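Fold and geometry: a report
Here is how the chains run, residue by residue.
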Amino acid sequence: MNLDSLKVIYKKYKLTKVFNKLKPFAKNSIEFELWPEDEEDMPLGTSKVGGIPDLPTSFQWPEYKGRPLMFLAQIKLEDLVVFDLDRKLPSNGMLYFFYGPEQTWGNKEEKGSWKCIYNNSPTGELFRTNHQLLCKEEDTYEAYKMFFESKISLPSLTGGYSYELSINNSINEKYEEMREEEDYVTINKVLGYPDNIQQMAERDCELLNSNLESSLLENEDWKVLVERSKRWELLFQLDSDAGFTWGDSGRIYFFILPEDLASKNFENVALVLQCG
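Residues numbered from 1 in each chain as written. Predicted model: local features only at pLDDT ≥ 70, side-chain atom pairs only at ≥ 80, totals over all residues. Heavy atoms only, no water.

Description of the pattern of salt bridges
Quick note on the threshold: The salt bridge criterion pairs a side-chain nitrogen of Lys or Arg with a carboxyl oxygen of Asp or Glu, the two atoms within 4 Å. A 1.4 Å probe rolled over the protein chains alone gives each residue an accessible area, and that area as a share of the maximum for its type sets the label: buried under 20%, exposed over 50%, partly exposed in between.
Inspection of every chain in the model, using the stated rule, returns 15 salt bridges. The salt bridge partner of lysine 189 is aspartate 195, with a shortest N-O separation of 3.5 Å. You can call lysine 189 buried: its relative accessible area is 1%. The buried category is assigned to aspartate 195, whose relative accessible area is 9%. One salt-bridge network, held together by shared partners, links Glu39, Lys48, Asp54 and Arg128.

Concerning the nonpolar core
Rule in force here: Nonpolar cores were defined as sets of buried Ala, Val, Leu, Ile, Met, Phe, Trp, Tyr and Cys residues, with membership established by side-chain atoms within 4.5 Å. The secondary structure listing takes helices from DSSP runs of H or I that are at least 4 residues long and strands from runs of E that are at least 2 residues long, numbered from the N terminus. Should any heavy atoms of two residues lie within 4.5 Å, those residues are counted as being in contact.
With 44 residues, the main nonpolar core has Leu72, Phe97, Leu235, Phe236, Leu238 and Phe254 as its most contacted residues. The biggest single contributor to this core is strand β13 (residues 251-256), with 5 residues. Here phenylalanine 97 is in contact with Met70, Phe71, Leu72, Ala73, Ile75, Lys115, Cys116, Leu235, Phe236 and Phe254, once residues within four sequence places are set aside. With 13 residues, the next largest nonpolar core counts Leu6, Leu15, Leu154 and Ile171 among its residues.

Re the environment of phenylalanine 19
With respect to the helices and strands, the residue phenylalanine 19 is situated in helix α2 (residues 16-22). The exposure class of phenylalanine 19 is buried, given its relative accessible area of 2%. Along the backbone, phenylalanine 19 and leucine 154 are 135 residues apart, and their C-alpha atoms lie at a distance of 8.7 Å. Every residue in contact with phenylalanine 19, bar those within four places of it in the chain, is listed here: Leu3, Leu6, Lys7, Tyr10 and Leu154.

What follows is the structure, given as structure tokens:
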């Protein structure tokens, strides 16, 4: 979906002024759909969610408090080159996402219970490998192949741009009606803006990586926090879909700082889980 198509949708709900204010902040995003497929039919290095990862022999499976994290997804970055219009991602290698072993919300005290790992080993050096303690069926998500396309992403009104737009209840009601009735809102994506279910997800990333406590912040401090939160880049968003349930039908979001993404440093990726 391009900006012209989005403009038509916003106009339909009498939100043209909102669209015009959000338009300058538009970003490219890479949406993906998930289709179940027998993992035996997937070549090594296939971009997929769930199943068993394809790993180099030197790979160290991430753990949290002595327990292995659950494999969530792997993305073959060559698959994204044609869709990554701003060239933000590495052009080769694999990105691996891990989560758990139990439900985690991305809080400070849970740090280490999620992981994003970049590896640029050739596909010919990958092996479909599960952790020895994750051999039961309930320890592995069903495999889904990922199909990508490039689309335009605008900030959510629950994000850090809302207070700049003089949002009132009438606008919020129209905006929520549009989100419910139109199928333009991305659910699963790489890059772009998060589709927030609650508050600004990037704010939680900033709190996670600072010494600030949200309950102690004054109004001016909140404005500073929101501005700093805008620097976080959405890396990966996955909805409760295709056998995944995050909280009460929520979403999980992985975020990264632009300077870390540019240097291929995925050590400090933040996670947020939101649900209704």
